[in-house]
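Summary of the model geometry
Next come the chains, spelled out residue by residue.
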Amino acid sequence: MNFTTIETLLPLGSGHFQVLDYVVFIAMLLISVAIGIYFGFFSGNIQSTEEYLLGGRRMKTIPIAASLIASQISGVTILSVPAEMYGYGTQYAIMVPFMIVTVSIINFVFIPVFYNNNLSNCYEYLELRFSRRLRHLVTVTFLVNTYLVLPIVLFIPAIALAQVTGINVHLINTIACTVCVVYTMLGGIKAVVWTDVIQGAIMVVASLVILIFGVREVGSLSEVINRAINEDRIQFFNMSLDLTERTTLPNMLLGTVCMWTVYMGLNQSCVQRIVALKTVKHAKNAMWLFCIGYYIILVINCLIGLTMFARYHACDPLKVGLVDKLDKMVPFFVQDTVGRFSGMTGIFISCVFSAGLSTISASFNSLSGVIYEDYLRKLPGFQHSEPRANFFMKTIVVLSGVYCVAAGVIVHKFGSILEMILTIPSLSSGAILGVFLMGMVNPWANEKGAFWGAFASVIVATYLTVRSKIAVLMGDLSYPLKPSRIDGCDEFGLNVTSILLNSTITTPVTPVDDDDGFEIYKISFAWFSIFGLLAVFIVGIPISMFTGSNDIYKTGKRLISPVAHWMLPDEIRNKDSTLTVDVVTDKTRDNQVKETTWVWETTDKEEK
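Below or above, wherever it landed, is the structure these notes cover. (Residues numbered from 1 in each chain as written. Predicted model: local features only at pLDDT ≥ 70, side-chain atom pairs only at ≥ 80, totals over all residues. Heavy atoms only, no water.)

Our next topic: the side chain of Thr256. Relative to the helices and strands, Thr256 resides in helix 10 (residues 249-265). In this structure Thr256 touches Met95 and Asn251, once residues within four positions along its chain are discounted. (Helix = DSSP H or I, 4+ residues; strand = E, 2+ residues; numbered from the N terminus. Contact = heavy atoms within 4.5 Å.)

Overall, the coordinates contain one disulfide when judged by the stated rule. Disulfide pairing is shown between Cys315 and Cys489; the S-S distance is 2.0 Å. Between Cys315 and Cys489 the sulfur-sulfur dihedral comes to about 100 degrees; the bridge is accordingly right-handed. Of the two residues, Cys315 is situated in the loop between helix 12 (280-311) and helix 13 (317-320) and Cys489 in the loop between helix 19 (447-473) and helix 20 (496-502); the sequence distance between them amounts to 174 residues. Cys404 supplies the cysteine sulfur nearest to Cys177, a cysteine that is in no disulfide, at a spacing of 5.3 Å. A relative accessible area of 0% places Cys404 in the buried class. (Disulfide = S-S within 2.5 Å. Buried < 20%, exposed > 50% of the residue type's maximum accessible area, 1.4 Å probe, protein only.)

Here we take up unusual backbone geometry. Positive phi, close to 55 degrees, is recorded for Asn118, a residue that is not glycine. Relative to the helices and strands, Asn118 is located in the loop between helix 5 (99-116) and helix 6 (124-129). Exposure remark for Asn118: the relative accessible area of 56% places this residue in the exposed category. Despite not being glycine, Asp232 has its phi angle at roughly 60 degrees, a positive value. Tracing the backbone through its elements, the reader meets Asp232 in the loop between helix 9 (221-230) and helix 10. Residue Asp232 is classed as partly exposed on the basis of its relative accessible area, which comes to 49%.

Moving on, we come to the packing of aromatic side chains. Tallied over the entire structure, the rule returns 14 aromatic pairs. Aromatic pair Phe236 and Phe237: ring centres 6.4 Å apart, planes at 65 degrees, arrangement edge-to-face. For Phe236, a relative accessible area of 30% gives the class partly exposed. On the numbers, 5.6 Å between centres and 70 degrees between planes, the contact of Trp260 with Tyr263 is edge-to-face. With Trp260 and Tyr263 both in helix 10, this residue pair falls three residues apart, about one helical turn. For Trp260, a relative accessible area of 8% translates into the label buried. Three or more aromatic residues joined by ring pairs make a cluster, and in this case those are Trp260, Tyr263, Phe290, Tyr294 and Tyr295. Its guanidinium or amino end placed over the ring of Phe451, Arg133 lies 3.9 Å from that ring's centre, counting from NZ or CZ. Between the NZ or CZ atom of Arg216 and the centre of the ring of Phe213, over which it lies, the distance is 5.6 Å. (Phe/Tyr/Trp six-rings, centres within 6.5 Å; stacked < 30°, edge-to-face > 60°. Lys NZ or Arg CZ within 6 Å of the ring centre and 35° of its normal.)

By themselves these figures say nothing about function.
Okay, structure coming up:
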């Protein structure tokens, strides 16, 4: 073969979207919309905010667990985790077995407190334990963080479909968002949960099919592992304490436990579904089921990444120029391995879209509740009614969808999606985890300490994130991919020598940082949330001590996690607390403004 330009190269994979692929993909979208229509119009009309946001607190354990799995295993997992394995090796995967640590923290520290206080909004806890201003600070960080991440999550399926069809990525982005808005707006939390169940099943089946076919192309799973070992892709126990190293065991363990604890246990999108279950026992069981499902899907996708590397270990499509972006490697791999089978590419794209839609729909639902309950409902002169609440929450869902489509233009310019999806939450994850831990396991922490600790954390994390991204854009900071080869491209019918001599291939070049001096902005993105968490304690604990520790006799034990009850005096541990609500109504000429205060009543167990 005599090639002269890269444009004349045929892709290694011969697959493309065929009629059956479109049928499979469109069927997935129609099923999602149908579920929204069913719960919106035929399964009991959604009249109340509690029904729309919590399903009347009558949801079942297995569907909630499946929903949590589907919404947290987003398109990032399907596309970027295998790409991470391909480009950087397996060190990232060390966080997988430690998910049990995250689930244990959520089950034994946070969930009992949410249920004991009958909370539907996790940030309401901060107002009960500390103050309204701290609740607003953390709520704002949640809103900002969510609106920064959502366009990325939505854009991932669009990239995959554009890669295999050639359709404009922004048009695809718009279609995906419209479908998500429709079923979330119509069906509320029930539609979100049941579409997640369907989408989660699609993800598992599609991922397994891709893995099986990929391994067959290589030869065997043992061959996949051998090639990965021989080319230095297998690494789990890099114990380096160099803060600037991209992924090590310490930073992946600490950073991902911190991030996932916040993401699963202190993010309203997840908490809203957890407290929709009947009891604490149901909630804990749902979390353990989530942990099992998380293991299954993450392990499958890590193996897909290694299989992808084994397939191209001697002919890197990135270096040859067949793929221009690491995050596009998985769609390319799918085309190569299963693209010739009609319908298989459609199943893969449905998998990626299912992952993205499940995450977005859950976030849309929680955002509508938080914005309405925390802000719109408290506006002076605003009169609440269930029909009005329904209208405004659905309007928020629509506007959120419009924003995600518009923001996709910016997301398209990003480099590594995985780095972005891990970096953005670090802006607030340390602050959120820190203030909840101070409230639940430190009975003496007061409002001033928690507020200024959280504020300091956001400042520290924001500086690190923004400064590091500026350094990346300026070429001062980079994370080079592991070495790859192109000496075996003849196997795919590619004359690489001819191409390199006669074409204008642009191989990604990683700038080298020659400055050996340590700069704080050079630390790995995996440390950002940990530094934010430490800032809460370093600032918050001394301020609490010097400004007068919290009066634990007024706080009682319901706002303290059961794991910290041993620190309370005996007279508090032996009292049962009951939460009562006083509603004070201030009448004006044309409206009523309601202010709710909480009063704790304690009763000796012996008296009961």
